[in-house]
Amino acid sequence: MNRREFIRLSVAASAAGLRLPLNLPALAETTPAASVRLTLRADRLSNKIGDDFAGLSYESAQLGNPQFFSGDNSELAEFVRQLGKSGVLRIGGNTSEFCYWTPNPTKNVNAPASEATRAANKTDPIAYALAVGPDKVQKAPAPVNITPVAIHNLREFLELSGWRLIYGLNMGTGTAEAAADEASYVMNAVGEKLIAFQLCNEPDLFFRNGIRKADYNFAQFAAEWQRFYQVIRARVPNARVAGPDTAYNNQWLAPFARQFKHEAVFLSRHYYAEGPPADPSMTIERLLKPNPRLDAELEGMKQTMVESGLPFRFAETNSCYQGGKAGVSDTFASALWSGDFMYQLASAGSMGINFHGGGYGWYTPIAGTREDGFVARPVYYGMLLFAQAGAGQLVESKLEGVEQAPLLTAYGIRGNTGVMKVAAFNKNLDRGVRLSIDPGPNARGASVLRLHAPRVDDRTDVTFGGSPVGASGAWSAARVEKVNVENGVAVVELPAASGALVSFDGV
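On a predicted model such as this, the values are computed, not experimentally measured, just so you know.

Caption draft 1: Examining the sheet that holds strand E7 (residues 194-198) more closely. Taken together, eight strands build a closed barrel; the order of strands is E2-E3-E6-E7-E8-E9-E10-E11 and the barrel is parallel. Across the sheet, the mean angle separating the axes of adjacent strands is 25° when strand polarity is ignored. Its contacts with the sheet put helix H6 (residues 176-190) on strand E6 (164-168) and E7, and the angle it makes with E7 is roughly 170°.

Below, the structure is given as structure tokens:
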């Protein structure tokens, strides 16, 4: 056994040993299976799901280690490619406000440029950031230098993975002139791989984390954002910029869209389903239930998109802020949540999503380091189901009988290849579902890939299509179930706390 495999097994064993008592109902389905019918209207298509819908988000401090995102890190690139060949990597987070462009480092640019940078990469940028998401920074992180070699290596990583880039700049503690210098270098190095710059990270919390005074408001932010934008565009006339990249609800989003709809290329904000992790009410059950706050925010998002004509992206998101919650964010529940959440956002018209992560944060989709290797956490599996469904358009659908299984969701997708698919998530913990799917005329049969784990709080035994994700992100289905279509209906049994991707033949 080599060192990397030993560490993989040790991490898995440690995770198993940290299992927390959640007092969840056993998945023996104490309630009879519910009968639910899903009817698809193949002739009625709605929102598009682009090839670049899926994405990952990492802290800017990660660039303090220039070898992490590099053309030599093929293992990480393969994990990334498995989630989509045209996804989006977003670099930003709390640490973007404490990272500084250093075009002429005095130290060897092939090594991290400061003791703070080295400390960040020996542990993990999520822990280093101290807190990720609302209600955050307890103290200012130590500064990290970003050097030219980090940007060149980042370009190589983008080439290797096939992904494109959203790049965060430092408006919080930096200057507009420094941001323009950095933007110019990144633009020249990354080229067509660059989707947009974001000028800051969660400015609506600047007043809370000490970056600005307690009376900091939207008007002050808008004036700063406009100045940074003007200085950057004077230096880089073709720079594309997005924003406002806020943490909370739409209170700053709508006025930003009105004021900068001709400057921004898309709108962005963040969302965390739960937090803080120390709150005992932040549980698996809560994660899997509908969130009225999210519903209201999605309605506001849709209205803002209509009024401004700008597309929208959730540029940073995950289950529970401050790096996640052990026993929730790192369990199979996060796989059900992430897959369902991606389709919920697609249904609302979002252009995409970026799951935040890095290092060994509880919620990270890909855990590990270049030195010790990488593993897929449960949240990755929900993204994998979405990736296997592929790009296309959502299909108008109707669920009947869902009151018997209120935590069941199902989405019809017409793939770009013409194949009709259904992504279904049974988030009920006490009952299975007998899902009868009417896919429309001409369906001859169906195949099913299941998203499964022995328990909803399982951390290590997650599979999709009967297979775990292996080394370097390797995955292929080991178990494809065949389902007949009889009298125009395919019946798929969904055990409690499970998901499935159903693909139809001949539709």
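Caption draft 2: Here's a closer look at the packing of helix H11 (residues 332-347) against helix H12 (residues 378-389). Two elements in contact, H11 and H12, have axes whose closest approach is 6 Å; the angle formed by their N-to-C orientations is 35°. The handedness of the crossing between H11 and H12 comes out as right-handed. Contacts between H11 and H12 involve Phe332, Ser334, Ala335, Ser338, Gly339, Met342 and Tyr343 on the former and, on the latter, Pro378, Val379, Tyr381, Gly382, Met383, Leu385, Phe386 and Ala389.

Caption draft 3: Expanded view of the side chain of asparagine 94. With respect to the secondary-structure elements, asparagine 94 resides in the loop between strand E3 (88-92) and strand E4 (99-101). The buried category is assigned to asparagine 94, whose relative accessible area is 5%. For asparagine 94, the side chain forms a polar contact with the side chain of asparagine 201, separated by 3.5 Å.

Caption draft 4: Structural context of unusual backbone geometry. The amide bond that connects glycine 243 to the next residue, proline 244, takes the cis arrangement and shows omega of 5°. Examined against the element boundaries, proline 244 turns out to sit in strand E8 (residues 241-246). A cis geometry characterises the amide bond from glycine 275 onward to proline 276, with omega recorded as 0°. Relative to the helices and strands, proline 276 is located in the loop between strand E9 (264-274) and helix H9 (284-288). Here the phi dihedral of glutamate 202 falls at roughly 50°; this positive angle occurs in a residue that is not glycine. By the element assignment, glutamate 202 lies in the loop between E7 and helix H7 (218-235).

Caption draft 5: The arrangement of the packing of helix H5 (residues 148-161) against H6 in detail. Axis separation between H5 and H6 bottoms out at 9 Å; the angle between their running directions is 35°. The chirality of how H5 crosses H6 is right-handed. Contacts from Pro148, Ile151, His152, Arg155 and Leu158 of H5 reach H6 at Tyr185, Val186, Ala189 and Val190.

Caption draft 6: Region of the structure containing the environment of asparagine 426. Tracing the sequence through the fold places asparagine 426 in strand E16 (residues 420-426). For the pair formed by asparagine 426 and leucine 336, sequence separation is 90 residues and the distance between their alpha carbons is 7.9 Å. Residues within four places of asparagine 426 in sequence aside, it is in contact with Leu336, Leu407, Leu408, Arg431, Gly432, Val433, Leu494, Pro495, Ala496, Ala497 and Ser498. Here the side chain of asparagine 426 touches asparagine 428 through a polar contact of 2.9 Å, side chain to side chain.

Caption draft 7: Structural context of the pattern of salt bridges. If you walk through the whole model with that rule in mind, you get 20 salt bridges. Put simply, arginine 37 and aspartate 438 hold a salt bridge, and the shortest N to O gap is 3.7 Å. Residue arginine 37 is located in strand E1 (residues 31-49), and its partner aspartate 438 is located in strand E17 (residues 431-438); the two are separated by 401 residues in the primary sequence. Looking at arginine 37, the relative accessible area reads 33%, which means it is partly exposed. A salt bridge links arginine 269 to glutamate 297; the nearest nitrogen and oxygen atoms lie 2.8 Å apart. Here glutamate 297 lies in helix H10 (residues 292-308) and arginine 269 lies in strand E9, a separation of 28 residues in the sequence. A residue is classified by how much of its surface remains accessible, and arginine 269, at 1% relative accessible area, is buried. A single salt-bridge network, built from bridges that share partners, covers Arg90, Asp245 and Glu316.

Cut-off values and rules
- Residues numbered from 1 in each chain as written.
- Predicted model: local features only at pLDDT ≥ 70, side-chain atom pairs only at ≥ 80, totals over all residues.
- Heavy atoms only, no water.
- Pairing = 2+ DSSP bridges.
- Helix = DSSP H or I, 4+ residues; strand = E, 2+ residues; numbered from the N terminus.
- Axes fitted to C-alpha atoms, helices over the stretch in contact; angles between N-to-C directions.
- Contact = heavy atoms within 4.5 Å.
- Left-handed = near helix turned anticlockwise from the far one by under 90°.
- Buried < 20%, exposed > 50% of the residue type's maximum accessible area, 1.4 Å probe, protein only.
- Polar contact = N/O pair within 3.5 Å; in protein donor to acceptor, adjacent residues only side chain to side chain.
- Salt bridge = Lys/Arg side-chain N within 4 Å of Asp/Glu carboxyl O.

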